[in-house]
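Working through the structure, step by step
Now for the letters of each chain:
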Amino acid sequence: MIMTLMTHAGMLPCVPIFRFNPYDWENPHPCDPDPDELENKFSLMNSMWFTIGSLMQQGSDIAPKAVSTRLVAGIWWFFTLIMISSYTANLAAFLTFERMTSPIQSVEDLAAQTKIKYGCIGSGTTLSFFKDSNLAIYQTMWTVMESSQPSVFTSNNLEGVERVQKGDYAYLIESTANEYYTERKCDLTKIGSLLDSKSYGIAIAPGFRYRNLLSSAVLHLQDRGTLHILKEKWWKQEKSGGMCPVEDKAGASTSNELGLANVGGVFVVLLAGLGVACVVGIMEFVWKTRKTVQEERGDFWEELKKELLFAAQCKGNTKPVSKKLDSDNTMTAPLTTYD
């Protein structure tokens, strides 16, 4: 689809400009100095062949001759060079990224492989969750962790983080602690979603008389957003928090795509080049028409109208050569060369 759009984007400006410009009409028989008609090689099919050849970096057996049409060809070559180079670079980056992407994206991927060991802290709610779970996948993971040698359990979270940084180890940790460490160590990342959802609470003695007051105070802090503000402060601001940029975390799981914003400047250059080529083409057209009128001693506006009407027909690749009257009223053709 992209290749088709690029081909049409290059072909559509070529046909009218090549047909409109008088210097791209040439003698089909160079050995005949007095031809009856001129030929334009840039038909619809030839223009398509020219743009596809440029797009494939192979060239073509036809080439423009006028300044304006050479501007069109040059700006199209520049456009295809940048687009093909950008696509090739983005494809290489994508394939490299695919090889570098972690094969583990969820707890199911972790349980299905044996290369990367996984474990948790040797005591606490995380260990109890796997030990007492009734789900088959978590029971399997607990069996693997319990039978692994050397032990995959750690004495504290910091030890688990250090083992992860050494490689080939995944540490199962509470989400709050996970966020705390990944905000400070940019080589760590969170994989998958939460395995379980539990909330923290304040332990008090049974029958404690301030129990209701504490519950109300916690709910009040939550409603006002104070707890969220405190978490943002101590997790992402204080004690070297927030060291890892958000884009780095996003880049760990997705690859940047080549969008219009990345190549928009190339399209601007293409449109600007086509605009300049159109202006130059109009100047060449007017100059050639004026020169023809002077040689034939005709009317400028009539000749201009005739050439415009012929160019607007958009059919036929040949046109008759204008003849001029000599002093004895005989028709002769001007000896004009087309470089």
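Please refer to the structure placed before this passage.
Attention in this report is confined to the structure presented alongside it. Worth saying up front: this structure is predicted, and the values here are computed from it rather than measured.

**Looking at the overall build of the chain**
A count of helices and strands for the chain gives 13 helices and six strands. Restricting the contact set of the chain to residue pairs at least 6 apart, pairs at least 24 apart contribute 65%. Accessible surface computed for the chain: about 22,400 Å², of which carbon and sulfur atoms make up 60%.

**Considering the pattern of salt bridges**
In total, this model carries two salt bridges according to the counting rule given. The partner of Lys231 in a salt bridge is Glu179, with the nearest N and O atoms 3.0 Å apart. Here the residue Lys231 occupies a position in helix H10 (residues 226–236), and Glu179 occupies one in helix H8 (residues 175–182), the gap between them amounting to 52 residues. Its relative accessible area of 31% is what places Glu179 among the partly exposed residues. With a closest N to O distance of 3.8 Å, Lys236 and Glu232 form a salt bridge. Residue Lys236 and its partner Glu232 are located together in helix H10, separated by four residues, close to a single helical turn. Judged by its relative accessible area of 38%, Lys236 falls in the partly exposed class.

**Description of helix H9 (residues 211–224)**
The first and last C-alpha atoms of H9 sit 20 Å apart over 14 residues, in line with the 20 Å expected at 1.5 Å per residue. Of the residues trailing H9, Gly225 is marked for its positive phi of about 80°.

**With respect to the nonpolar core**
Nonpolar side chains in soluble globular proteins generally cluster together in the buried interior. Judged by nonpolar contacts, the single largest core of 23 residues is most densely connected at Leu110, Tyr118, Phe130, Met141, Met145 and Leu172. At the level of secondary structure, the elements contributing two or more residues to this core comprise helix H4 (107–112), strand E2 (117–120), helix H5 (125–132), helix H6 (136–147), strand E3 (169–172) and H8. In this structure, Val72, Met83, Leu270 and Ala277 belong to the second largest nonpolar core, which totals 11 residues.

**Examining the environment of Gly201**
Positionally, Gly201 belongs in the loop between H8 and H9. Residues Gly201 and Val218, 17 residues apart in the sequence, show an inter-C-alpha distance of 9.6 Å.

**Re a nonpolar patch on the surface**
On the surface, Ile202, Ile204, Phe208, Tyr210, Leu213, Leu214, Val218, Leu221, Leu227, Leu230 and Trp234 cluster together to form a nonpolar patch covering roughly 930 Å² of accessible area. Those elements that provide at least two residues to the nonpolar patch are H9 and H10. When residues of the nonpolar patch are assigned to their parent elements, the largest contribution, four residues, is made by H9. With respect to the helices and strands, Leu230 occurs in helix H10. The partly exposed category is assigned to Leu230, whose relative accessible area is 40%.

**Comments concerning the packing of H5 against H6**
Put simply, H5 and H6 touch, their axes get as near as 7 Å, and they point 115° apart. Considering the angle they form, H5 stands roughly perpendicular to H6. Contacts from Leu127, Phe129, Phe130 and Lys131 of H5 reach H6 at Tyr138, Met141, Trp142 and Met145. Looking at the contact of H5 with H6, its residues break down into seven nonpolar, no polar and one charged.

**Overview of unusual backbone geometry**
A cis geometry characterises the amide bond from Gln149 onward to Pro150, with omega recorded as 0°. Take Pro150: it is sitting in the loop between H6 and helix H7 (157–166). Residue Asp168 is not a glycine yet carries a positive backbone phi of 55°. One can find Asp168 in the loop between H7 and E3.

**Topic: helix H2 (residues 44–55)**
In a regular helix each residue adds 1.5 Å, so 12 residues correspond to 16 Å; H2 covers 17 Å between its end C-alpha atoms and thus fits that length. Regarding H2, the residues found buried are Ser47, Phe50, Thr51, Gly53, Ser54 and Leu55. Two residues or fewer after H2 comes Gln57, characterised by a positive phi angle close to 60°.

Criteria and thresholds
- Throughout, residues of each chain are indexed from 1 in the direction in which the sequence is written.
- Only residues with pLDDT of at least 70 are given local features in this predicted model, and only at 80 or more are side-chain atom pairs given and counted; all residues enter the totals for whole chains, interfaces and linings.
- Only heavy atoms go into the side-chain values, all of them from the structure, while hydrogens and water stay out.
- A run of H or I in DSSP becomes a helix once it reaches four residues, and a run of E becomes a strand once it reaches two; helices and strands are each numbered from the N terminus.
- We call two residues in contact when some of their heavy atoms are within 4.5 Å.
- Only the protein chains shown count as cover for residues, and the accessible areas themselves come from Shrake-Rupley with a 1.4 Å probe.
- Take a side-chain nitrogen of Lys or Arg and a carboxyl oxygen of Asp or Glu: if they are within 4 Å of each other, that pair is a salt bridge.
- Only protein chains enter the accessibility calculation, which uses a 1.4 Å probe; a residue is then buried when its area is under 20% of its type maximum, exposed when over 50%, and partly exposed in between.
- Every helix has an expected span of 1.5 Å times one less than the residues it contains.
- The set of buried Ala, Val, Leu, Ile, Met, Phe, Trp, Tyr and Cys residues whose side-chain atoms join them within 4.5 Å is what this entry labels a nonpolar core.
- A patch consists of residues exposed above 30% relative accessible area that lack any salt bridge, with like charges linked at up to 9 Å and nonpolar side chains (Val, Leu, Ile, Met, Phe, Trp, Tyr) linked at up to 5 Å.
- Lines fitted to the C-alpha atoms define the axes, with helices restricted to the stretch that makes contact. Angles between their N-to-C directions range from 0 to 180 degrees.
- Our angle categories are set so that under 35 degrees counts as roughly parallel, over 145 as roughly antiparallel, 65 to 115 as roughly perpendicular, and the remainder as oblique.
- Residues were grouped as follows: Ala, Val, Leu, Ile, Met, Phe, Trp, Tyr, Cys and Pro as nonpolar; Asp, Glu, Lys and Arg as charged; and all remaining residues, including Gly, as polar.

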